[in-house]
Amino acid sequence: MLLVPCPYCGPRPEVEFRCGGEAHIARPADPDALDDAAWAEYLFIRKSPKGVHAERWLHAHGCGRWFNALRNTVSDAFIASYEMGQPRPDSAGGR
Amino acid sequence: MRRFSISSLLSEALNAHQGWSRQWRNPEPKPAYDAIIIGGGGHGLGAAYYLAKEHGLTNIAVLEKGWIGGGNSGRNTTIIRSNYLYDESAALYEHAVKLWEGLSQDLNYNVMFSQRGVLMLAHTQHDVQSFKRHVYANRLNGIDNEWLTREEAKAFCPPLNISPDIRYPVMGAALQRRGGTARHDAVVWGYARAADALGVDILQNCEVTAITRGPDGAVTGVETTRGPIRAKKIGVSAAGHTSMVMAMAGVRMPLESFPLQALVSEPVKPCFPCVLMSNAVHAYISQSDKGELVIGAGTDQYVSYSQQGGLHITTHTLDAICELFPQFTRMKMLRNWGGIVDVTPDRSPIIGKTPVPGLYVNCGWGTGGFKATPGSAHVFAHTIARDAPHPINAPFTLDRFRTGRLIDEAAAAAVAH
């Protein structure tokens, strides 16, 4: 089980959280202007990287707040967690 | 290839079994092939076999970064069934079951396909209605599936606890009698041996590091850890690593890779007659011919390539197993492990062409690819050889995520499968 670093509550066991998948996918401002391929890109295409992944977490059984985290998908080690709306931190020092 | 038969077995028995030779070669890579398959699991080796056998393409190679069958082919729970709801899925998985039924004879290799029956438990009124709908839909597609009452389910699977006092009492079950299990390693080895005999090069410890493309955009070959290899057709059958391999050709995929866990118990005498699944409480269990209980757990909620998952996922499954089968509460679990499964948004696979000419992909099998191995390999080979899909895999395009013609088994089954 992962120890998830909630930026508001500190490290807590994974069972308190829901993972919300890839972070920083902005809903297109004007969906009507998109063609089907661009809409599919927004809805379905995911990076699923082998390495550092920026993802959303919800502390459902805790503070109830969403946040973003950087995690290495090979070691499963968290590198950083940060508030929603913040830019993705530099992960050069990531494990 | 020396055929296995009663006479070859008898002659080797008299020869102290000293005359058996290697079942497939370990060749050096050639500079070029007519086609290459990336991924030496059951799906990839099977595709190579059908390319050679049915389409006459024998100058081909299977590239495997580790050893054949060392990925999800060696990590799954070997359940085989075809009782899917939608016509497209039913056709695909039934195609596989029909091939399973003759596979040992076809490959001259015993894959230990055992049609012991797959029982799916219903625990809620919604389960009952949904499973009956599946039964009727399957019958319309010519697939055997029948509804059993709670008592009939108990008669078919005597260890089952049908007490009304458990947390989620059993309300009935759907039974596909033609479903069952097969020996996963034997499937890989059988395909490898048969493909090798037809001239296919199986290149192990040969990791693809780049896919090269010509000025017209079409693929021209791959760079590997054993040197460059040219090919005009490349089939990607890389399961959990598909996103990475496809990125080498600049194709982004609607996939996410998650760990999926399984575990086996200590081996015991035969005590469990069928395959039993319960989607509602999340229990998947059967007994291998060695005697181990083979148990499937769920996926973790996050993208990972660690090939291990959270212990709470397996604990959740074992809680359900112990309630349904109180006799197993004192069984010791021997090993658990994880595999990396590539999951599509609609939980149906992608088998077909890609935007890159000469590049084909077979992926997105999620948590249920083993059952489809022969059918998937067969239609993938057809797609590569003809540069056009077989009618069975025609709906399973990559393009369906753009057109919106999803095959939404995720909603149909309400669980990963």
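See above for the structure.
All values derive from a computational prediction rather than experimental measurement.

Definitions and cut-offs
- Residues numbered from 1 in each chain as written.
- Chains lettered and ligands numbered in written order.
- Predicted model: local features only at pLDDT ≥ 70, side-chain atom pairs only at ≥ 80, totals over all residues.
- Heavy atoms only, no water.
- Helix = DSSP H or I, 4+ residues; strand = E, 2+ residues; numbered from the N terminus.
- Rg over C-alpha atoms; globule rule 2.2 N^0.38 Å.
- Buried < 20%, exposed > 50% of the residue type's maximum accessible area, 1.4 Å probe, protein only.
- Contact = heavy atoms within 4.5 Å.
- Areas by Shrake-Rupley, 256 points an atom, 1.4 Å probe, with all protein chains shown as cover.
- Lys, Arg positive; Asp, Glu negative; His and termini not counted.
- Charge placed at Lys NZ, Arg CZ, Asp CG, Glu CD.
- Buried area = accessible area lost by both parts, 1.4 Å probe.
- Salt bridge = Lys/Arg side-chain N within 4 Å of Asp/Glu carboxyl O.
- Polar contact = N/O pair within 3.5 Å; in protein donor to acceptor, adjacent residues only side chain to side chain.
- Pairing = 2+ DSSP bridges.
- Axes fitted to C-alpha atoms, helices over the stretch in contact; angles between N-to-C directions.

## With respect to the overall build of chain B
Working step 1: Per the secondary structure count, chain B includes 11 helices and 18 strands.
Working step 2: Taken over C-alpha atoms, the radius of gyration comes to 21 Å for chain B, in line with the 22 Å a tight globule of 417 residues would show.
Working step 3: Projected onto the principal axes, the alpha-carbon positions of chain B cover approximately 65 × 65 × 40 Å.
Working step 4: In chain B, which comprises 417 residues, the share counted as buried stands at 58%.
Working step 5: Restricting the contact set of chain B to residue pairs at least 6 apart, pairs at least 24 apart contribute 75%.
Working step 6: Summing over all exposed atoms, chain B offers an accessible surface of approximately 16,500 Å²; the carbon and sulfur share of this is 54%.
Working step 7: Averaging the positions of the 39 positive and the 35 negative side-chain charges in chain B gives two centres separated by 3 Å.

## Comments concerning the interface of chain A and chain B
Working step 1: On the side of chain B, 25 residues touch chain A, which itself brings 26 residues to the contact.
Working step 2: Counting the surface chain A buries against chain B, the share from its top three residues, F44, S48 and K50 of chain A, is 29%.
Working step 3: Where chain A packs against chain B, one counts 1 salt bridge.
Working step 4: Put simply, R252 of chain B and E41 of chain A hold a salt bridge, and the shortest N to O gap is 2.1 Å.
Working step 5: The interface formed by chain A and chain B includes 13 residue pairs in polar contact (both at pLDDT 80 or more).
Working step 6: Of all elements in the fold, only strand 3 (18-22), helix 1 (36-43) and strand 4 (52-58) of chain A reach the threshold of two or more residues within the side of chain A that touches chain B.
Working step 7: The biggest single contributor to the side of chain A that touches chain B is helix 1 of chain A, with 4 residues.

## Focus: the sheet that holds strand 4 (residues 118-122) of chain B
Residue and element names in this part refer to chain B.
Working step 1: Strand order across the open sheet formed by 8 strands is 5-6-4-13-14-15-12-16, with mixed pairing between neighbours. Strands with a single pairing partner mark the edges of an open sheet, and in this sheet they are strand 5 (146-148) and strand 16 (333-343). Each neighbouring strand pair of the sheet contributes to a mean axis angle of 20°, computed without reference to strand direction.

## Comments concerning unusual backbone geometry
Residue and element names in this part refer to chain B.
Working step 1: Its identity as a non-glycine residue notwithstanding, M112 has a phi of 55°, on the positive side.
Working step 2: Following the sequence through the fold, M112 ends up in the loop between helix 3 (87-107) and strand 4.
Working step 3: Within the chain, A239 stands out as a residue other than glycine whose phi angle is a positive 45°.
Working step 4: Its location among the elements puts A239 in the loop between strand 11 (229-236) and helix 7 (242-247).

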